[in-house]
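Residue-level structure breakdown
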Amino acid sequence: MRHAALPATPADRLLAWYDCAARTLPWRAPPGSPAPDPYRVWLSEVMLQQTTVAAVAPRFRAWMERWPTVDSLAAADEADVLGQWAGLGYYARARNLHAAARTVVRLGGFPCDEHGLRALPGVGDYTAAAVAAIAFGCSSVPVDANIARVGARLFAADLGAPQLRARLAPLFAKRAGDVAQALMDLGSGICAPRAPDCAACPLATNCMGRASGEPTRWPARRTRPVRPVRRGLAFWLQAGDDVLLVRRPPRGLLGGMAALPTSRWQDDAEGALAQAPVAANWRVLPKRVAHTFTHFQLDLGVAVAHVAQRPDVAGDWTAIDDLARAGLPTLFSKAAAVARC
């Protein structure tokens with residue numbers, strides 16, 4: 001019995017594999033289909049930064065139900081956008097999304113190449129290349145963590161992004177958007193960090209890492225720096241069935257988000273209780289909240305006080321039963337859960 005010959009080039013083999021094995025994702029068009037709406041591609045790429053596909057998929061659907069076009073997002077209130085983003089983290093992404101949507105509307109549509117896309121707020125080299133390839137069919141080479149891992153093993157070398165883009169460019173000569181997504185899927189599923197399934201890989205015959213017998217040598221593992229610990233208090237001030245929320249400053253960590261009042265976040269917790277929003281009979285709970293930011297670890301205590309009447313203090317009183325709809329970021333959702341125990 002004769003077996004069908006494999007497609008001749010690495011790009012052909014990769015695309016043949018993708019045509020059969022592509023993940024079905026709400027922001028994608030099926031392999032070989034016309035490109036999806038640039039808004040969907042851009043939104044998904046921004047959401048997927050530092051966030052898993054499993055976490056993003058339902059949030060993407062909910063977002064598209066609320067703001068199905070870039071024009072509707074541009075017309076939205078920033079506070080609503082931040083509230084819808086709550087729980088996805090890295091909240092500067094949401095502010096940049098909103099600002100970029102308004103820029104796109106002013107321009108009359110999305111720029112269709114990397115250079116134009118990079119000019120949008122919050123769009124860097126990777127996102128510009130991904131949107132250019134997937135939404136516009138440009139032969140742009142996006143390099144995310146998955147593609148970087150595939151490339152490092154394919155060439156058995158730790159290459160910088162510019163060098164890797166140049167080495168991968170021949171794969172993008174046709175169906176660039178499908179090639180980009182195929183490499184993403186390959187890195188996500190088959191070319192896994194610790195246990196690559198080389199037998200199932202469409203690029204196995206070209207992979208220098210596989211030929212070496214030790215594909216997991218690449219990319220080289222990097223030592224993560226130890227994050228310093230900062231400490232502080234979140235204040236749960238309750239009047240009847242309502243709790244005091246504030247809006248964080250527009251710039252900085254969790255900028256513009258609804259939040260519980262807090263003390264300053266510093267190396268020690270000294271003097272934190274003195275920074276409470278009002279004088280009251282505050283009780284610091286034994287359980288604390290641990291939360292990781294990019295450059296530090298936060299150890300946050302929770303102080304609770306009940307008052308008979310609402311004091312004259314800046315902020316908004318929110319029904320405790322409505323907190324789930326208040327758009328609290330994960331940190332303050334955790335603190336609220338501790339306070340309500």
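Refer to the structure printed above.
Not measured: the values here are computed from a predicted model. (Residues numbered from 1 in each chain as written. Predicted model: local features only at pLDDT ≥ 70, side-chain atom pairs only at ≥ 80, totals over all residues. Heavy atoms only, no water.)

Overview of the overall build of the protein
The criterion, for reference: In this text, helices come from DSSP runs of H or I with a minimum length of four residues, and strands from runs of E with a minimum of two, each type numbered from the N-terminal end. A 1.4 Å probe rolled over the protein chains alone gives each residue an accessible area, and that area as a share of the maximum for its type sets the label: buried under 20%, exposed over 50%, partly exposed in between. Two residues qualify as a contact provided that any one of their heavy atoms is within 4.5 Å of a heavy atom in the partner residue.
Assigned secondary structure in the protein consists of 13 helices and seven strands. Considering only C-alpha atoms, the protein reaches an extent of 85 × 45 × 35 Å along its principal axes. Counting across all 341 residues of the protein, residues that qualify as buried make up 47%. Taking the intrachain contacts of the protein between residues at least 6 apart in sequence as the baseline, contacts between residues at least 24 apart amount to 67%.

Some thoughts on helix H9 (residues 145-155)
What counts, and what does not: Here a polar contact is taken to be a pair of N or O atoms separated by no more than 3.5 Å, where protein atoms must pair a possible hydrogen donor with a possible acceptor and residues adjacent in sequence count only if both atoms sit in side chains.
Burial within H9 is extensive, with eight of its 11 residues counted as buried. Every buried residue of H9 is accounted for by Ile147, Arg149, Val150, Gly151, Ala152, Arg153, Leu154 and Phe155. Looking at the buried residues of H9, the elements they touch are helix H10 (161-168), helix H11 (176-190) and helix H12 (208-212). N-cap assignment for H9: the residue whose side-chain oxygen lies 3.2 Å from the backbone N of Asn146 is Asp144.

Concerning the nonpolar core
To keep things clear, this is the line we draw: Here the nonpolar core consists of buried residues drawn from Ala, Val, Leu, Ile, Met, Phe, Trp, Tyr and Cys, with membership extended through side-chain atoms lying within 4.5 Å.
Membership of the largest hydrophobic core comes to 96 residues, with the highest contact counts inside it found for Tyr39, Trp42, Trp63 and Leu183. Once residues within four sequence positions are removed from consideration, Trp63 is found in contact with Tyr39, Leu43, Met47, Leu73, Val81, Gln84, Trp85 and Leu97. Phe235, Ala239, Ala303 and Ala305 belong to the second largest nonpolar core, which has 14 residues in total.

Notes on the packing of helix H3 (residues 53-66) against helix H5 (residues 78-85)
To keep things clear, this is the line we draw: Only the stretch in contact is used when fitting a helix axis, every axis being a line fitted to C-alpha atoms; angles between N-to-C directions are given from 0 to 180 degrees. In this scheme, roughly parallel covers angles under 35 degrees and roughly antiparallel covers those over 145, while 65 to 115 is roughly perpendicular and the rest are oblique. Crossing handedness: left-handed means the near helix sits turned counterclockwise from the far one by under a right angle, and right-handed means the same turn made clockwise. Classification used: nonpolar for Ala, Val, Leu, Ile, Met, Phe, Trp, Tyr, Cys and Pro, charged for Asp, Glu, Lys and Arg, polar for all others including Gly.
Following both chains from N to C, one finds H3 and H5 inclined at 155°, their axes separated by 11 Å at the closest point. Accordingly, the angle class assigned to the pair H3 and H5 is roughly antiparallel. The crossing of H3 and H5 is right-handed. The residues of H5 that touch H3, namely those facing Arg59, Ala62, Trp63 and Arg66, are Asp80, Val81, Gln84 and Trp85. Tallied by class, the residues present in the contact of H3 with H5 amount to four nonpolar, one polar and three charged.

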